[in-house]
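Residue strings, one per chain:
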Amino acid sequence: MLLSITTEITPTAWILASIATFIIGLSKAGIKGIAVLNVTIMALAFGARQSTGMVVPLLVLADIFAVIYYNRYTQWKYVFKVLPWMIVGLLIGVFIGNELPEKFFKIGMATIIIITVGMMFYWDRKKDKTVPSHWTFAGSIGIIAGITTMVGNLAGAFSNIYFLAMRLPKNQFIGTAAWLFLIINIIKLPFHFFVWKTISIESLTLNLMLLPGILIGFFVGIRFIKHIKEAFFRKMILVLTAVGAVLIMLS
């Protein structure tokens, strides 16, 4: 089984997959907003549909590292506010994912992200410290994030917007997001395995072979995040999220 995997994958695909896993490690270490790159690169390496399931176990592994490192900063009340809505969105994504036109999905999602990021920039310029408290905010963000995480592993942009709106400090932002996505990505696994059939024993074996890329990326990301000040972290996430939305639209 392992032999067939290593011989069938081209050197170019190995290089692309290694770069993607390195980016996953960076993202889970706290450099939020760049996760869209790993989705795009993995799609180039293995195809859009197959790569969707292949990425999920890698995300779970990276989430485990993030939870171990940032666990003490987790703010569970924010996890519990958005998690039920994300699960609803995830279930919607399971049933509409195969029928949803990919181009329509990407343009719609990217447009929503860019508009929302623009609103966040506006609020920041006003120095508005108000935190959205109505359930509809967490509900709408959660449902959209749930659909996008199931269809394309692209919920990071929406979780970024949610946690920035809650004005979580850097480490609390990363630690809370780590637990939220560990839970969500574990929930996604059986749907990819049994319903969409995008995860197999072969793909799981490949995931293990790509594990070093995640470890290296996570270590580099941790070192980088330690030197980022709180104010710059917030601006960095907004910019990277907006850039990611543009890349989604163009991909």
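Going along each chain's sequence as written, the residues are numbered from 1 onward. Per-residue local features are limited, in this predicted model, to residues with pLDDT of at least 70; the limit for side-chain atom pairs, both in listing and counting, is 80 or more; totals at the level of whole chains, interfaces and linings are taken over all residues. Note that the side-chain values use all heavy atoms of the structure and ignore hydrogens as well as water.

### Quick look at the overall build of the chain
In step 1: Helix and strand assignments come from DSSP, with helices taken as H or I runs of at least 4 residues and strands as E runs of at least 2, each series counted from the N terminus. Secondary structure summary: the chain contains twelve helices and zero strands in total.
In step 2: The order of helices and strands in the chain, counted from the N terminus, is α-α-α-α-α-α-α-α-α-α-α-α.
In step 3: For a compact globule the rule gives 2.2 Å times the number of residues to the power 0.38, and the radius of gyration it is set against comes from C-alpha atoms. Expected size for 251 residues packed as a compact globule is a radius of gyration near 18 Å; at 17 Å, the chain falls within 12% of this value.
In step 4: The principal-axis extents of the C-alpha atoms in the chain amount to approximately 55 × 40 × 30 Å.
In step 5: The buried label goes to any residue with under 20% of its type's maximum accessible area, the exposed label to any with over 50%, and the partly exposed label to all in between, with areas taken from a 1.4 Å probe on protein chains only. Taking all 251 residues of the chain together, the buried fraction comes to 50%.

### Topic: unusual backbone geometry
In step 1: We note that Arg 167 has phi near 60°; this positive angle belongs to a residue other than glycine.
In step 2: A relative accessible area of 24% means that Arg 167 is categorised as partly exposed.
In step 3: Phi is positive for Lys 197, close to 55°, though the residue is something other than glycine.
In step 4: As for its placement among the helices and strands, Lys 197 is situated in the loop between helix H9 (170-195) and helix H10 (201-209).
In step 5: Lys 197 gets classed as exposed once you look at its relative accessible area, which sits at 60%.

### A short note on a nonpolar patch on the surface
In step 1: On the surface, Leu 37, Phe 121, Val 239, Val 243 and Leu 247 cluster together into a nonpolar patch covering about 360 Å² of accessible area.
In step 2: Top contributing element to the nonpolar patch by residue count: helix H12 (residues 230-250), with three residues.
In step 3: Mapped onto the secondary structure, Leu 37 falls in helix H3 (residues 35-46).
In step 4: Exposure remark for Leu 37: the relative accessible area of 33% places this residue in the partly exposed category. Patches in this entry comprise residues that are over 30% relatively accessible and not in a salt bridge; like charges within 9 Å are linked, as are nonpolar side chains (Val, Leu, Ile, Met, Phe, Trp, Tyr) within 5 Å. Under the convention used here, a 1.4 Å probe and the Shrake-Rupley method define accessible areas, while residue burial counts only the protein chains that appear. One side-chain nitrogen of Lys or Arg within 4 Å of one carboxyl oxygen of Asp or Glu is enough to make a salt bridge.

### Focus on the side chain of Asn 207
In step 1: Secondary-structure assignment places Asn 207 in helix H10.
In step 2: Pairs of residues are marked as contacts when any of their non-hydrogen atoms sit within 4.5 Å. If we skip the residues at most four places from it in the chain, Asn 207 touches Met 54, Pro 57 and Leu 58.

### A closer look at the UniProt feature "transmembrane region" (unreviewed entry) in the chain
In step 1: UniProt records the feature "transmembrane region" (unreviewed entry) at residues 12-31, 52-72, 78-97, 104-123, 135-165, 177-196, 208-225 and 232-250, using the numbering of this structure.
In step 2: Split by type, residues 52-72 is 90% helix and 0% strand. Its first and last C-alpha atoms lie 30 Å apart.
In step 3: Annotation note: span residues 208-225, helix share 94%, strand share 0%, distance between end C-alpha atoms 26 Å. UniProt positions are given in the numbering used here, feature names are shortened, and annotations may be inferred rather than shown by experiment.

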